[in-house]
Amino acid sequence: LDPYLTFGQDALFEVTFTDCNLANDARLGVPIATTTWRSLCSRTLTRAQALRCMEMLGGTETVLERTVAYVSERHQFGVPIGSFQAVQHHLSNVAMRLEAGRIAAFRALYLASETEDSSRETRIAELWLRETYVQATLIAHQLWGGAGYSLDSDLYLWSQRAKTLDLVSGRKANQLEQ
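Residues numbered from 1 in each chain as written. Predicted model: local features only at pLDDT ≥ 70, side-chain atom pairs only at ≥ 80, totals over all residues. Heavy atoms only, no water.

Peer 1: What should I look at first to understand the packing of helix α1 (residues 34–73) against helix α2 (residues 85–114) in this one?
Peer 2: When two helices pack together, their arrangement is given by the angle between the helix axes and by the axis-to-axis distance. Where α1 meets α2, the closest approach of the two axes is 9 Å, and the angle between their N-to-C directions is 155°. Here α2 runs roughly antiparallel to α1, going by the angle between their axes. Between α1 and α2 lies a crossing whose hand is left-handed. Split by residue class, the contact of α1 with α2 holds 18 nonpolar, 4 polar and 4 charged. (Axes fitted to C-alpha atoms, helices over the stretch in contact; angles between N-to-C directions. Helix = DSSP H or I, 4+ residues; strand = E, 2+ residues; numbered from the N terminus. Parallel < 35°, antiparallel > 145°, perpendicular 65-115°, else oblique. Left-handed = near helix turned anticlockwise from the far one by under 90°. Nonpolar A, V, L, I, M, F, W, Y, C, P; charged D, E, K, R; others polar.)

Next up, the structure:
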């Protein structure tokens, strides 16, 4: 087992089997047709994608909640910075995108569990949420200022995770073409 260090703090390992012989009667299951195998893999990947949408949804929610708390406590010119209209606009834009993403994510998750092919709905949810998650962390960093880059806050971890999920999701153009 060889661990990989990743930008997103994922626990990834490479497992290598050498000189591993398996008798035919020790295999699980029976041989299946290529089309069945492709269908099974496609459904599994779509379900994983729907779960990744839920992770992005939760991450965006957490970033928004923590940022609202921060701008409520941080004072400038004797008032909380959350009272400034520009700050409120930024946070309300994130909140609106978050709610749209919530609907898309739950629909994708439901369809992935109930239907044979929910890849379209799942791609839509993932495209929306990956953009929303990255935007939320960028806005949060603007509002937190230097405190957001400090190791004392966890905001940098959420930003790393948002960028990692954005990269893992693949090229936006490829997803739109499917």
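After that view of the structure, there is still more to cover.
Peer 1: What is the right way to read the pattern of salt bridges from this model?
Peer 2: Any two side chains of opposite charge can pair, on the condition that their charged atoms come close. Within this structure, the stated rule accounts for 9 salt bridges. With a shortest N-O distance of 3.5 Å, E116 and R43 are connected by a salt bridge. Taken together, the residues E116 in the loop between α2 and α3 (119–144) and R43 in helix α1 connect sequence positions 73 residues apart. Under the relative-accessibility criterion, R43 is labelled partly exposed at 22%. (Salt bridge = Lys/Arg side-chain N within 4 Å of Asp/Glu carboxyl O. Buried < 20%, exposed > 50% of the residue type's maximum accessible area, 1.4 Å probe, protein only.)

Peer 1: Please explain the packing of aromatic side chains as it appears in this structure.
Peer 2: The geometry of an aromatic ring pair is captured by two quantities: the separation of the ring centres and the angle between the planes. Taken as a whole and assessed by the stated rule, the structure comprises 1 aromatic pair. Plain terms: the ring middles of Y70 and W144 are 4.5 Å apart, the flat faces sit at 10° to each other, and that makes the pair stacked. On the criterion of sequence distance, the pair formed by Y70 in helix α1 and W144 in helix α3 is long-range, its members being 74 residues apart. By the burial criterion, Y70 is buried, and W144 matches it. In this structure, R97 is placed above the aromatic ring of W128, and the distance from its NZ or CZ to the ring centre is 3.8 Å. (Phe/Tyr/Trp six-rings, centres within 6.5 Å; stacked < 30°, edge-to-face > 60°. Lys NZ or Arg CZ within 6 Å of the ring centre and 35° of its normal.)

Peer 1: Would you explain empty space enclosed by the protein in this entry?
Peer 2: Regions of empty space are outlined by a rolling probe, equal in size to a water molecule, passed over the atoms. Using the criterion set out here, one finds 3 cavities of 30 Å³ or more in the structure. Its boundaries defined by the atoms lining it, the largest cavity holds a volume of some 60 Å³. For the lining of the largest cavity, the element with the most residues is α1, which contributes 4 residues. Of the residues in the lining of the largest cavity, the class split is 1 nonpolar, 5 polar and 4 charged. Put simply, the second largest cavity is a space of about 40 Å³. Around the second largest cavity, the lining residues are V63, L64, T67, L91, V94, A136, I139 and A140. Contributing elements (two or more residues each) for the lining of the second largest cavity: α1, α2 and α3. Among the residues making up the lining of the second largest cavity, the classes are represented as 7 nonpolar, 1 polar and no charged. (1 Å grid on protein atoms, 1.4 Å probe; cavity = no way out; pocket = protein on both sides within 12 Å on 5 of 7 lines; lining within 4 Å. Points joined across faces, edges and corners; volume = space filled by probe spheres on them.)

These figures come from the coordinates and say nothing about function on their own.
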